[in-house]
Amino acid sequence: MTVLLCYLNNKMNKYNQSKEKFVIRVRRDRLTTDTINRIQRARYEELFAPISIVFDGEAGIDMGGLTREFFHIAVSEFFSPKYHLFQIVNNRFYWFCDSLCFDDELQFFSVLGTLVGLAVYNRIILPIRFPLLMYKKILGKQLTINDMAELDQNIAQSLNQLIEYRNSDTTGTIIEDMCLTFSVTIDQFDEKVVIPFYSDGESTIVTNDTLDKYIQDYIDYKLNTSVSKQFSEFANGFRKLCRDEVFSSFTPDELDILVSGEPNFNWEELKKGCRYDGYSAESKTIKMFWDIFFNDFNDDDRCKLLLFITGNSRAPVGGQNASFENY
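Criteria and cut-off values
Residues numbered from 1 in each chain as written. Predicted model: local features only at pLDDT ≥ 70, side-chain atom pairs only at ≥ 80, totals over all residues. Heavy atoms only, no water. Helix = DSSP H or I, 4+ residues; strand = E, 2+ residues; numbered from the N terminus. Buried < 20%, exposed > 50% of the residue type's maximum accessible area, 1.4 Å probe, protein only. Contact = heavy atoms within 4.5 Å. Areas by Shrake-Rupley, 256 points an atom, 1.4 Å probe, with all protein chains shown as cover. Core = buried A, V, L, I, M, F, W, Y, C linked by side-chain atoms within 4.5 Å. Salt bridge = Lys/Arg side-chain N within 4 Å of Asp/Glu carboxyl O. Pairing = 2+ DSSP bridges. Axes fitted to C-alpha atoms, helices over the stretch in contact; angles between N-to-C directions. Left-handed = near helix turned anticlockwise from the far one by under 90°. Nonpolar A, V, L, I, M, F, W, Y, C, P; charged D, E, K, R; others polar. Parallel < 35°, antiparallel > 145°, perpendicular 65-115°, else oblique. Expected span 1.5 Å × (residues − 1). Arc of directions from axis to C-beta.

Glancing now at the overall build of the chain. Regarding its fold elements, the chain presents 14 helices and six strands. A burial count over the chain gives 44% of its 327 residues as buried. Taking all contacts inside the chain whose residues are at least 6 apart in sequence as the whole, residues at least 24 apart take part in 70%. Accessible surface, the chain: about 18000 Å² in total, of which carbon and sulfur atoms supply 49%.

Printed below as a string of structure tokens:
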């Protein structure tokens, strides 16, 4: 992670030496439309220049705060249910919606991928979290039942049970008796539709010998085939900024932290990292503040306060002891 942070800093410093900026001018009531139009017409070289956000009709000068506000609003808007691009899974992760995706909607996934890539490149933590399998896919790694469990514990459990049944010496279970075929049934426009994994798959019975292939085919369909168009566009947009060899050397967990920040907080470290202007750590007002912060606030309240103060509700990249310059 330290190597990647140094890489990002060096690359940003290179472009900071030039006078060019990647100016994104948006209207608050047209923010998504303006963002899509600006990113789509941006030259490749522009994406690597320092970002400068201008909210149309407002006099604010972007010293970093407007950039964080823009990313927070834009991402929250794009990932909201009204666009039906992503859905919340297990109350934790954003994953591609199950519904059919039409060709004219694919541009949104490309723009979103670029937006997430821009956030990583500019070290902006986003108020979303993808399952780790998203980064495994981007890195080209093989997906397993454990990845399936991130999205659906019940399916993963069922697949594991099939393996246990087959391998058990006591149950005498024959997989053929379950009448499974190399296909999956999905809901499409309120109708049940059978999707074969390959030609004649819907009539090919799964056996003890072919169970492993069935499981891998099932995982491949659910996590790859069913979202292939959406993911391809998203990944292409993301890789515009994050395609160097250095990115391929990192783990899915590390890329997750770059996008969404550290998942855990050490609030005592937050307190230690604070600097006071006009007050000291021993001031009565400061002591009262921390007393309320630790004794009256829960973690959700503390994250909201952090968002209000810093423009971000996540721990900075680099860990709990990272400098607040990362905000």
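Our next topic: the nonpolar core. Judged by nonpolar contacts, the single largest core of 80 residues is most densely connected at Phe70, Phe86, Phe130 and Phe234. Element by element, the count of residues in this core is highest for helix α4 (residues 106-121), at 11 residues. Counting residues in each nonpolar core, the second largest holds eight residues, with Leu270, Phe293, Leu305 and Leu306 among its members.

Counted according to the given criterion, the structure contains 16 salt bridges. Among the ionic pairs, Glu69 bridges to Arg28, the shortest N-O distance being 3.0 Å. You can see Glu69 sitting in helix α3 (residues 65-78) and its partner Arg28 sitting in the loop between β1 (22-26) and α2 (31-41), a full 41 residues away along the chain. Note on Glu69: relative accessible area 28%, which makes it partly exposed. For Arg28, a relative accessible area of 40% corresponds to the partly exposed category. Salt-bridge contacts for Arg30 lead to Asp29; the nearest nitrogen and oxygen are separated by 3.5 Å. Exposure remark for Asp29: the relative accessible area of 60% places this residue in the exposed category. Shared partners join several salt bridges into a network, and the residues in it are Glu20, Arg38, Arg43 and Glu46.

Where strand β3 (residues 86-89) and strand β4 (residues 93-96) come together, four bridges link them in antiparallel fashion. Across the sheet, the residue bridging to Phe86 is Phe96, located in β4.

What follows concerns the packing of α4 against helix α9 (residues 228-239). Each pair of packed helices can be summarised by the angle the axes make with each other and by the distance between the axes. Two numbers describe how α4 lies on α9: the axes approach to 6 Å, and their chain directions differ by 35 degrees. Between α4 and α9 lies a crossing of right-handed hand. Residues Leu106, Phe109, Ser110, Leu112, Gly113, Thr114, Val116, Gly117 and Val120 of α4 form the contact with α9, whose participating residues are Lys229, Gln230, Glu233, Phe234, Gly237 and Phe238. Grouping the amino acids of the contact of α4 with α9 by side-chain chemistry returns seven nonpolar, six polar and two charged.

Within the secondary structure, Lys136 is located in helix α5 (residues 132-138). Leave out the neighbours within four places in its chain, and Lys136 touches Lys141, Gln142, Leu143, Asp147 and Pro252.

Close contact between helix α7 (residues 153-167) and helix α8 (residues 211-223) brings their axes to 11 Å; oriented N to C, the two are set at 170 degrees. Relative to α8, the element α7 lies roughly antiparallel. Taken together, the residues of α8 that come into contact with α7 (itself represented by Ile155, Leu159, Leu162, Ile163 and Arg166) are Leu211, Asp212, Tyr214, Ile215, Tyr218, Ile219 and Lys222. Residues belonging to the contact of α7 with α8 are distributed by class as follows: nine nonpolar, no polar and three charged.

Here we take up the pairing of strand β6 (residues 191-196). Judged from the six bridges that link them, strand β5 (residues 183-188) and β6 form a sheet pairing that is antiparallel. Note that in β6 the partner of Ser183 across the bridge is Pro196. Linking β5 back to β6 in an antiparallel pair, the connection comprises two residues, with Phe189 at a positive phi of about 55 degrees.

Glancing now at helix α11 (residues 252-260). Most of α11 sits out of view: seven of its nine residues are buried. For α11, the full list of buried residues reads Pro252, Leu255, Asp256, Ile257, Leu258, Val259 and Ser260. Two residues or fewer after α11 comes Gly261, characterised by a positive phi angle close to 85 degrees.

On to α3. In this model α3 runs 20 Å from its N-terminal to its C-terminal C-alpha over 14 residues, within 8% of the 20 Å that 1.5 Å per residue would give. Where α3 is concerned, the buried positions are Leu66, Thr67, Phe70, Phe71, Ala74, Val75 and Phe78. Seen end-on, α3 carries its buried residues on one side only, within an arc spanning 150 degrees. Where the residues of α3 are buried, they touch β1, α2, β2 (51-55) and α4.

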